[in-house]
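Observations on the model geometry
So you can see what is in the structure, the chains are spelled out below.
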Amino acid sequence: MTVAFENRVKRMLKDGEKTAGAWLQIASPFTAEIMSQAGFDWLMIDMEHGPGDILNLITQLQAMRGSETAALVRAPWNDFVTIKRILDTGVHGLLVPYVNTREEAEAAVRACRYPPQGIRGVAGSPRAQGYGQNVREYLASANDEILVITAVETPAAVANLDSILAVDGVDGVFIGPMDLATNMGYLGDPAQREVQEAIAEIENKVLETGKILATISGSWEQAQRLYDRGYQMVMLMADGVSLAKLAAEKVAQFREAYPRG
């Protein structure tokens, strides 16, 4: 049976809707299944800082199958071979890290597009094409349906943001506050005034273009403030971090109630 390759979340974003997402960072099909069943609009599988490889990615996609949650991936690098392999698993979009110039943004888009718009290799056998059973439908729509987000993580990216946003095919940008702060000289401290000013500059420029604005949040209250500022994609949680926090809280509660001598 042939099935059209459609990206519901990309349409939602283009229509200006706010969406709920989360990180999948521990390469587990179980957390992928649990969180897709929870009803997130999209889940971002982290292949930059997470331990997973292509086979782990496929098991997570299999676990998400049957849900309406879109599968996105943060690529390990802006590398066209790696991006090609990720896209061939059937994901709906990519977050490309460390994009600092217009040329790097153009390279990211080309890696995600079949010729003549890009350089993505064409094959009918991968999972994205239904192992040869859905080739025509996938090839006809992939260039339009795949979401491409680039990360702003350095002062260079901030300085070149106008030209990055001008690249056709860049759907939006993701602000990485920890990397941005560190690259500005404030190791892991995005609360610094200079960093916050840079973030505000990024926000204003992205919103002026009508492109998608994305980032992370540390709490629901912070997420609401971000949505109110115009963000459409906010990471509301991460599988590993959230489990670790909950586990630590439960152990602390136990030890407070039943201290050991």
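For the structure, see preceding data.
In short, a report on the structure. Everything quoted here is computed from the prediction, not taken from an experiment.

**Quick word on the packing of helix H2 (residues 29-38) against helix H3 (residues 54-64)**
In the contact formed by H2 and H3, the axes pass within 8 Å of each other and the chain directions differ by 30 degrees. Relative to H3, the element H2 is oriented roughly parallel. The two elements H2 and H3 meet at a crossing, and its hand is right-handed. Seen from H2, the contacting residues are Pro29, Ala32, Glu33 and Ser36; seen from H3, they are Thr59, Gln60, Ala63 and Met64. Class assignment of the residues belonging to the contact of H2 with H3 gives a composition of four nonpolar, three polar and one charged.

**Description of the nonpolar core**
Nonpolar side chains tend to gather and get buried jointly when the protein is soluble and globular. With 39 residues, the main nonpolar core has Leu57, Val73, Ile83, Ile86 and Leu94 as its most contacted residues. The element contributing the most residues to this core is H3, with six residues.

**A short note on the environment of Thr154**
Its location among the elements puts Thr154 in the loop between strand E5 (147-152) and helix H7 (155-159). Distance from Thr154 to Met184, taken between C-alpha atoms, is 7.0 Å for residues 30 residues apart in sequence. Apart from residues no more than four positions distant in its own chain, Thr154 is found in contact with Tyr98, Asn100, Leu180 and Asn183.

**Some points on the packing of aromatic side chains**
Tallying each qualifying case throughout the model produces five aromatic pairs. Centre to centre, the rings of Phe5 and Tyr138 are 4.8 Å apart; their planes meet at 55 degrees, and the pair counts as tilted. Taken together, the positions of Phe5 in the segment before helix H1 (8-14) and Tyr138 in helix H6 (residues 135-145) put the pair 133 residues apart, joining distant regions of the chain. For the pair shown, Phe5 and Tyr138 are each scored as buried.

**Some details on the pairing of strand E7 (residues 212-216)**
When you tally the buried positions in E7, you get four out of five residues, the bulk of the element. Where strand E6 (residues 172-175) lies against E7, three bridges are found, and the strand directions are parallel. Bridge pairing links Phe174 to Ala214 in E7. The pairing of E7 with strand E8 (residues 233-238) spans three bridges and is parallel. Directly across from Thr215, in E8, lies its bridge partner Val234. Between the parallel elements E7 and E8, the chain passes through helix H11 (residues 220-228) in a crossover that is right-handed.

**Comments concerning helix H10 (residues 193-209)**
Here H10 is 17 residues long and its end C-alpha atoms lie 25 Å apart, about the 24 Å a rise of 1.5 Å per residue gives. Among the residues of H10, Val195, Ala198, Ile199, Ile202, Glu203 and Val206 are the ones counted as buried. The buried residues of H10 occupy an angular sector of 140 degrees when the element is viewed end-on, so they sit on one face. Turned more than 90 degrees from where H10 packs its buried face, Arg193 and Glu208 sit exposed. Against E5, H7, helix H8 (161-165), E6, helix H9 (177-183) and E7 lie the buried residues of H10.

Quick notes on the rules
- Residues numbered from 1 in each chain as written.
- Predicted model: local features only at pLDDT ≥ 70, side-chain atom pairs only at ≥ 80, totals over all residues.
- Heavy atoms only, no water.
- Axes fitted to C-alpha atoms, helices over the stretch in contact; angles between N-to-C directions.
- Helix = DSSP H or I, 4+ residues; strand = E, 2+ residues; numbered from the N terminus.
- Parallel < 35°, antiparallel > 145°, perpendicular 65-115°, else oblique.
- Left-handed = near helix turned anticlockwise from the far one by under 90°.
- Contact = heavy atoms within 4.5 Å.
- Nonpolar A, V, L, I, M, F, W, Y, C, P; charged D, E, K, R; others polar.
- Core = buried A, V, L, I, M, F, W, Y, C linked by side-chain atoms within 4.5 Å.
- Buried < 20%, exposed > 50% of the residue type's maximum accessible area, 1.4 Å probe, protein only.
- Phe/Tyr/Trp six-rings, centres within 6.5 Å; stacked < 30°, edge-to-face > 60°.
- Pairing = 2+ DSSP bridges.
- Right-handed = clockwise from strand over helix to strand, strands pointing away.
- Expected span 1.5 Å × (residues − 1).
- Arc of directions from axis to C-beta.

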